[in-house]
Every structure is written in C-alpha cells, then in structure tokens.
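# Analysis of the macromolecular model
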Amino acid sequence: MKHLPNILSASRIALCLPLLLADAMTVSSWVLYVIAGTTDMLDGFLARRWGVESKFGARLDSLADFVLVLAVGYKLFPWLKLPTTLWMMIGLVALVKIVNAISSYLVRQRIEFLHTIANKLTGFLLFIGMMTIGQSYFIPVAWVIACIALFAAIQEGHIIRSK
C-alpha cells in the first residue's frame, strides 16, 4: 500500500498514451482525462495520509502533471479558440514557471515545482475548467484560471528565491 501513491502518479503518465490516441472531445477521451485527473488528486492525498511522502514521489507527481498537461494541451489545442490577450497571459505564466525552474536549479541544484496551495488550486481549476471547452462561459473561466495560475507562479518563485 505504501507504493500506491507512486503507482497512481506513474499510471497518470501511462494514461497519456491512450489519451493521445483517443479522438479529442469524445467520451473515451474525457473518461481517460477524468481518471488521470483523479490519480492526480489521490496520489498526494494518500501519500500524506499514510505518511509515505517522499522527494521521489513529489518529483514523480510533478513529472506526471507535466506529461498530462502536454498530452491534454496537444489534444485540445485545436479546440481552444482563445483571444490573443489570453494566449499572452498563458505565455506569461509559462515564462514565470520557466524562470522558477531555472531559479530552483540555481538555488537548490535541482528543478522543483512546489506543491503550494495556490498551485494545487490552479491544477484543480484547470482540471475542472477543461470541461467547459465549447461552452459560452469558457473564456471567462479561462481568464480566472489564468489569473490564479499567474499568482501561483509568482508565489512559487518568491518561495524558491527566499529560501
């Protein structure tokens, strides 16, 4: 049981292959997405609850998150009809996250993505927000998530550079 959180993280990576093979916006793709998202919510919760948190598990979780974001982004990109200003905001968030990764490497000699409450909230909102694609309220939802993501990224950078 103590390895279950890491198995859940690894399964999220494994779920990306069938997710990439499934047609976007179909029931099968959404089922895979929900299963992968659920593993993301469960792995850290179970690790903390059972007292089996580890640096390896945290890194595996971050890697699994990154792979899932790439896979989902690749599949849903053609469906995202976002205004240029929102793409610029997403680019700004990505830039801050890249600076944070470089900073963590310089400060801690390893790339880290911190599991702050703001980052967890962003991940949860992204998970739920993707399900609003195609709805009339998708753009406002995307803006709210992007603003929270920017705050989370700036906060993460502050924490990295202040240690």
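Our structure's up above, just so we're on the same page.
First, a word on what this report is: a plain description of the structure on this page. (Residues numbered from 1 in each chain as written. Predicted model: local features only at pLDDT ≥ 70, side-chain atom pairs only at ≥ 80, totals over all residues. Heavy atoms only, no water.)

## Digging into the overall build of the protein chain
- Tallying secondary structure elements over the protein chain gives 6 helices and 0 strands in all.
- Going from N to C terminus, the protein chain has its helices and strands arranged as α-α-α-α-α-α.
- The globule rule puts the C-alpha radius of gyration for 163 residues at 15 Å, and the 16 Å found for the protein chain is close to it.
- Overall, the C-alpha framework of the protein chain stretches about 40 × 35 × 25 Å when taken along its three principal axes.
- Residues counted as buried form 37% of the 163 residues belonging to the protein chain.
- Element-wise, carbon and sulfur atoms account for 74% of the exposed surface of the protein chain, whose accessible area totals about 9,700 Å².
- Charge centroids of the protein chain, computed over 14 positive and 8 negative side chains, lie 5 Å from each other. (Helix = DSSP H or I, 4+ residues; strand = E, 2+ residues; numbered from the N terminus. Rg over C-alpha atoms; globule rule 2.2 N^0.38 Å. Buried < 20%, exposed > 50% of the residue type's maximum accessible area, 1.4 Å probe, protein only. Areas by Shrake-Rupley, 256 points an atom, 1.4 Å probe, with all protein chains shown as cover. Lys, Arg positive; Asp, Glu negative; His and termini not counted. Charge placed at Lys NZ, Arg CZ, Asp CG, Glu CD.)

## Describing the packing of aromatic side chains
- Evaluated as defined, the whole model comprises 3 aromatic pairs.
- Ring geometry for Trp30 and Tyr33: centres 5.4 Å apart, planes at 80 degrees, overall edge-to-face. One end of the pair is Trp30 and the other is Tyr33, both in helix 2 (residues 27–50) and 3 residues apart, which spans about a single turn.
- Trp30 sits in the partly exposed class, given a relative accessible area of 21%.
- On the basis of relative accessibility, which here comes to 7%, the residue Tyr33 falls in the buried class.
- An aromatic cluster is present here, built from Trp30, Tyr33 and Phe127 joined pairwise through their rings. (Phe/Tyr/Trp six-rings, centres within 6.5 Å; stacked < 30°, edge-to-face > 60°.)

## What to know about unusual backbone geometry
- Phi at Met25 is positive, roughly 65 degrees, even though this residue is not glycine.
- Along the chain, the position of Met25 falls in the loop between helix 1 (4–21) and helix 2.
- Taking the relative accessible area as the measure of exposure, Met25 reaches 26% and is therefore partly exposed.
- Unusually for a residue other than glycine, Gln109 sits at a positive phi of about 60 degrees.
- For Gln109, the location among the structural elements is in the loop between helix 4 (84–108) and helix 5 (117–129).

## Things to note about the nonpolar core
- If you look at the biggest cluster of nonpolar residues, it comprises 27 residues, and the most contacted ones within it are Leu68, Val72, Leu76, Leu86, Ile133 and Phe138.
- Broken down by secondary-structure element, the contributors of at least two residues to this core are helix 1, helix 2, helix 3 (55–76), helix 4 and helix 6 (138–162).
- Among the elements that make up this core, the one with the highest residue count is helix 6 (6 residues). (Core = buried A, V, L, I, M, F, W, Y, C linked by side-chain atoms within 4.5 Å.)

## Quick notes on the environment of Thr26
- With respect to the helices, strands and loops of the structure, Thr26 is situated in the loop between helix 1 and helix 2.
- Exposure remark for Thr26: the relative accessible area of 26% places this residue in the partly exposed category.

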